[in-house]
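# Observations on the model geometry
Take a look at the letters that make up each chain.
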There are 2 protein chains.
Amino acid sequence: MEITRETDYAIRCVLYLCEKREEITMIDEIAREMEVPRSFLAKILQKLARASLVKSFRGVKGGFQLARPPARISLLDVVEAIEGEVAMNLCALDQALCGRSKYCPVHPAWVDIRKDFRKVLGKYNFEKLKKTGERQKAKG
Amino acid sequence: MEITRETDYAIRCVLYLCEKREEITMIDEIAREMEVPRSFLAKILQKLARASLVKSFRGVKGGFQLARPPARISLLDVVEAIEGEVAMNLCALDQALCGRSKYCPVHPAWVDIRKDFRKVLGKYNFEKLKKTGERQKAKG
DNA sequence: TTAAACAGGATAAAATCAGTCTTAATTAAA
DNA sequence: TTTAATTAAGACTGATTTTATCCTGTTTAA
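Residues numbered from 1 in each chain as written. Chains lettered and ligands numbered in written order. Predicted model: local features only at pLDDT ≥ 70, side-chain atom pairs only at ≥ 80, totals over all residues. Heavy atoms only, no water.

### Looking at the protein's contact with DNA strand D
The condition is simple: Whether a residue is near a molecule or strand is decided by its heavy atoms; if any one of them lies within 4 Å of it, the residue is near. For this analysis, a polar contact is any N or O atom pair within 3.5 Å, provided that within protein one partner can donate a hydrogen and the other can accept it, and provided that sequence-adjacent residues contribute only side-chain to side-chain pairs.
Surrounding DNA strand D, one finds 26 residues, the nearest of these being A:Ile27, A:Lys43, A:Ser56, B:Arg5 and B:Tyr9. Near-protein atoms of DNA strand D (within 4 Å) split between backbone and bases, with sugar and phosphate holding 66%. A distance of 3.3 Å separates a base oxygen of DNA strand D from a polar backbone atom of A:Gly59. In this structure, B:Arg5 approaches DNA strand D through a side-chain N or O atom, which is 2.8 Å from a phosphate oxygen.

### A few points about the packing of aromatic side chains
Where we set the bar: Pairing of aromatic rings covers Phe, Tyr and Trp, the last through its six-membered ring, and needs centres within 6.5 Å; plane angles under 30 degrees mean stacked, over 60 mean edge-to-face, and all others mean tilted. Strands here mean DSSP runs of E at least two residues long; helices mean DSSP runs of H or I at least four residues long; both are numbered from the N terminus. The cut-offs for exposure are 20% and 50% of the maximum accessible area for each residue type, with area from a 1.4 Å probe on protein chains only; residues under the lower value are buried, those over the upper are exposed, and the others partly exposed. Two limits define a charge over a ring: the Lys NZ or Arg CZ must be within 6 Å of the ring centre, and within 35 degrees of the ring normal.
Going through the model one piece at a time under the given rule, you end up with three aromatic pairs over all chains. Between the aromatic rings of B:Tyr9 and B:Phe40, the centroid separation amounts to 5.8 Å while the plane-to-plane angle is 85 degrees, which identifies the pairing as edge-to-face. Of this pair, B:Tyr9 sits in helix 1 (residues 5-19) while B:Phe40 sits in helix 3 (residues 38-50), and the two are 31 residues apart along the sequence. Judged by its relative accessible area of 31%, B:Phe40 is partly exposed. Cation over ring: A:Lys128 sits above A:Tyr124, and NZ or CZ is 5.2 Å from the ring centre.

### What to know about the protein's contact with DNA strand C
Selection criterion: For this classification, Asp, Glu, Lys and Arg are treated as charged, while Ala, Val, Leu, Ile, Met, Phe, Trp, Tyr, Cys and Pro are nonpolar and the rest, including Gly, are polar.
DNA strand C sits among 25 residues. The nearest are A:Tyr9, A:Ser39, B:Met26, B:Lys43 and B:Ser56. Among atoms of DNA strand C positioned within 4 Å of the protein, sugar and phosphate together represent 66%. In this structure, a phosphate oxygen belonging to DNA strand C sits 2.8 Å away from a side-chain N or O atom of A:Tyr9. With respect to DNA strand C, the side chain of B:Lys43 contributes an N or O atom lying 2.5 Å from a base oxygen. Residues belonging to the surface near DNA strand C are distributed by class as follows: nine nonpolar, eight polar and eight charged.

### Side note on the interface of chain A and chain B
To be explicit about the condition: Note on definitions: a residue-residue contact is assigned when non-hydrogen atoms from the two residues lie within 4.5 Å. Throughout, the accessible surface (probe 1.4 Å) given up by two parts as they are put together, summed over both, is called the buried area. Salt bridges are identified by distance alone: a Lys or Arg side-chain nitrogen within 4 Å of an Asp or Glu carboxyl oxygen.
Listed by partner, the interface residues are 41 residues for chain A and 41 residues for chain B. With both sides pooled, the region where chain A packs onto chain B buries about 3,800 Å², and carbon together with sulfur makes up 65% of that total. Summed over the shared surface of chain A and chain B, the number is two salt bridges. At the junction of chain A and chain B, the tally comes to 10 residue pairs in polar contact (both at pLDDT 80 or more). Elements with a contribution of two residues or more to the side of chain A that touches chain B: helix 1 (5-19), helix 2 (27-34), helix 4 (75-83), helix 5 (107-122) and helix 6 (126-139) of chain A. The element best represented in the side of chain A that touches chain B is helix 5 of chain A, accounting for nine residues. Across the side of chain A that touches chain B, the residue classes break down as 23 nonpolar, five polar and 13 charged.

### Re the nonpolar core
How we decide: Among buried residues, those of type Ala, Val, Leu, Ile, Met, Phe, Trp, Tyr and Cys that are joined through side-chain atoms within 4.5 Å constitute a nonpolar core.
Of all hydrophobic cores here, the largest spans 96 residues; its most connected members are A:Leu48 and B:Leu48. Excluding its chain neighbours within four sequence positions, the residues that come into contact with A:Leu48 are A:Ala10, A:Cys13, A:Val14, A:Leu53, A:Val54, A:Val78, A:Ala81 and A:Ile82.

### Some points on the side chain of B:Glu29
Residues and elements named next belong to chain B. For Glu29, the position within the fold is in helix 2 (residues 27-34). Looking at Glu29, its side chain comes within polar contact range of the side chain of Lys20, at 3.1 Å. Residue contacts for Glu29: discarding those within four places in its chain leaves Tyr16 and Lys20.

### Overview of helix 1 of chain A
All names here are of chain A. What counts is decided by this rule: Here, expected helix span is obtained from the residue count minus one, scaled by 1.5 Å.
Compared with an ideal rise of 1.5 Å per residue, which puts 15 residues at 21 Å, helix 1 spans 22 Å between its outermost C-alpha atoms and is within 8% of the ideal. With 12 of its 15 residues buried, helix 1 lies for the most part within the structure. Every buried residue belonging to helix 1 is among Glu6, Thr7, Tyr9, Ala10, Ile11, Arg12, Cys13, Val14, Leu15, Tyr16, Leu17 and Cys18, and all of these are buried.

### A word on the pairing of strand 1 (residues 54-57) of chain A
A regular strand places its side chains on the two faces of the sheet in alternate fashion. Residue and element names in this part refer to chain A. Stated precisely, the cut-off is as follows: At least two DSSP bridges between two strands are needed for those strands to be called paired.
One ladder, built from four bridges, connects strand 1 with strand 2 (residues 63-66); its direction is antiparallel. Considered in strand 2, the bridge of Ser56 is made with Phe64. In textbook terms, the turn of a hairpin is the stretch between consecutive antiparallel strands, and for strand 1 and strand 2 this stretch comprises five residues, one of which, Gly59, has a positive phi near 80 degrees.

Dropping the structure here:
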């Protein structure tokens, strides 16, 4: 049921890149600032890049940059970039994975639940999260 | 993000006990009919009993029985009986588990998301699931 | 008293998670 | 054109969790 630590790291990472909006930021900096192991973070950024959430630049002065505005990146985007398609039960993704499929009374429920979960996670974009963070900080 | 196989077994098990409403059913029968390893199922039934979803009877003629009507057992009940409190991020359960708590802009989101997820899972009770199953069967 | 059932703890194999390491490939700048 | 800085990709590894099994003890109907 929980997201993995990897996903948690990924979220921190996107959050950091949101602050650095126009700049190209190196793995080392993100790793240091967000307290994520550097080599693990490298893998995570690769996944985020493959999902087109960040752009990568190789070579000297290389690094990473958000691929679109924070308002257009949701928690769902990040979770699915790292963990693959969200679903509480794999049978909700593919009927074939559900051995007991045909007469399983729970199957339609899992399909609906998956839809609801995706909607909930999709509601939170990083622009919104950033603002919440700023309000918190203001309150002390 | 996914429920474990254990939880999946638990759901099948409750489903089976729903059919047997007034009877006391032995582990062996449930295990055989629901295709769940017997010794694993024994553990699962213990958890369901501790969560007061089923009643257990020891000794000769012992077995298990639903502790309340199917309409009053939800998917949330079963998932939490097996996996503990539902949450995508542990920080949503306990501020203290969240090292970066105070200024983490995502924290309030996890708390909301947890609430939504619980609500969604709570919507499905076993009476409803049973009916869906019957409709499916009728359609062939 | 006995046999049939569940309770609970110890143990173990398999899978997944959370990383590390090494060897490319790329690129700005000397 | 060489070099140093940077990411890309895959192999590998240790720790943790999942998915069980087994054994001993307790309860209870007959």
